[in-house]
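So you can see what is in the structure, the chains are spelled out below.
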Amino acid sequence: MADQVDYFEIGTPNPEASRAFYGGLFGWAFDEPSSPGSSYQFIEGGKGGLWGTQDTELGNWAVFYVHVADVAASLAVAQKLGATVAMPLVDNGQITFAHLVDPTGNRFAIWRRNDE
């Protein structure tokens, strides 16, 4: 369903501390990494994700993802409305997504499955 919030993600250079904090606070269970050598773990069977950014310069974030019909088109509209790009369009083979910052400084993301 387009234009609905249906995923969240936490980016952190200290995934162990984030797992301990959010697991302790909310009782969340973290899956094994999504693939060998991956720094990405699903939370609660895929309701959200924890991205270990320790080997990157991506930093920290906590974002909600809005499922859109066309990521590139939504990205263009968001920019026309004053958003800036925090993470450009990414196609990881399964999904296409981008992170943006709204005109008041809030980070959010848009995404779509590639098989839709």
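Residues numbered from 1 in each chain as written. Predicted model: local features only at pLDDT ≥ 70, side-chain atom pairs only at ≥ 80, totals over all residues. Heavy atoms only, no water.

1. Comments concerning helix α1 (residues 15-26)
Every α-helix carries 3.6 residues per turn, so stepping three or four residues along brings you back to the same face.
Working step 1: Compared with an ideal rise of 1.5 Å per residue, which puts 12 residues at 16 Å, α1 spans 16 Å between its outermost C-alpha atoms and is within 8% of the ideal.
Working step 2: Backbone geometry just downstream of α1 places Gly-27 in the positive-phi region, at approximately 75°. (Helix = DSSP H or I, 4+ residues; strand = E, 2+ residues; numbered from the N terminus. Expected span 1.5 Å × (residues − 1).)

2. Some words on the packing of aromatic side chains
Working step 1: Inspection of the entire model under this criterion finds 11 aromatic pairs.
Working step 2: Residues Phe-8 and Trp-28 carry aromatic rings whose centres are separated by 5.1 Å and whose planes lie at 40° to one another, so their mutual orientation is tilted. Of this pair, Phe-8 sits in strand β1 (residues 4-12) while Trp-28 sits in the loop between α1 and β2 (30-33), placing them 20 residues apart in sequence.
Working step 3: Note on Trp-28: relative accessible area 24%, which makes it partly exposed.
Working step 4: Geometrically, the ring pair formed by Tyr-22 and Trp-28 is stacked, given 5.5 Å between the ring centres and 15° between the ring planes.
Working step 5: Judged by its relative accessible area of 22%, Tyr-22 is partly exposed. (Phe/Tyr/Trp six-rings, centres within 6.5 Å; stacked < 30°, edge-to-face > 60°. Buried < 20%, exposed > 50% of the residue type's maximum accessible area, 1.4 Å probe, protein only.)

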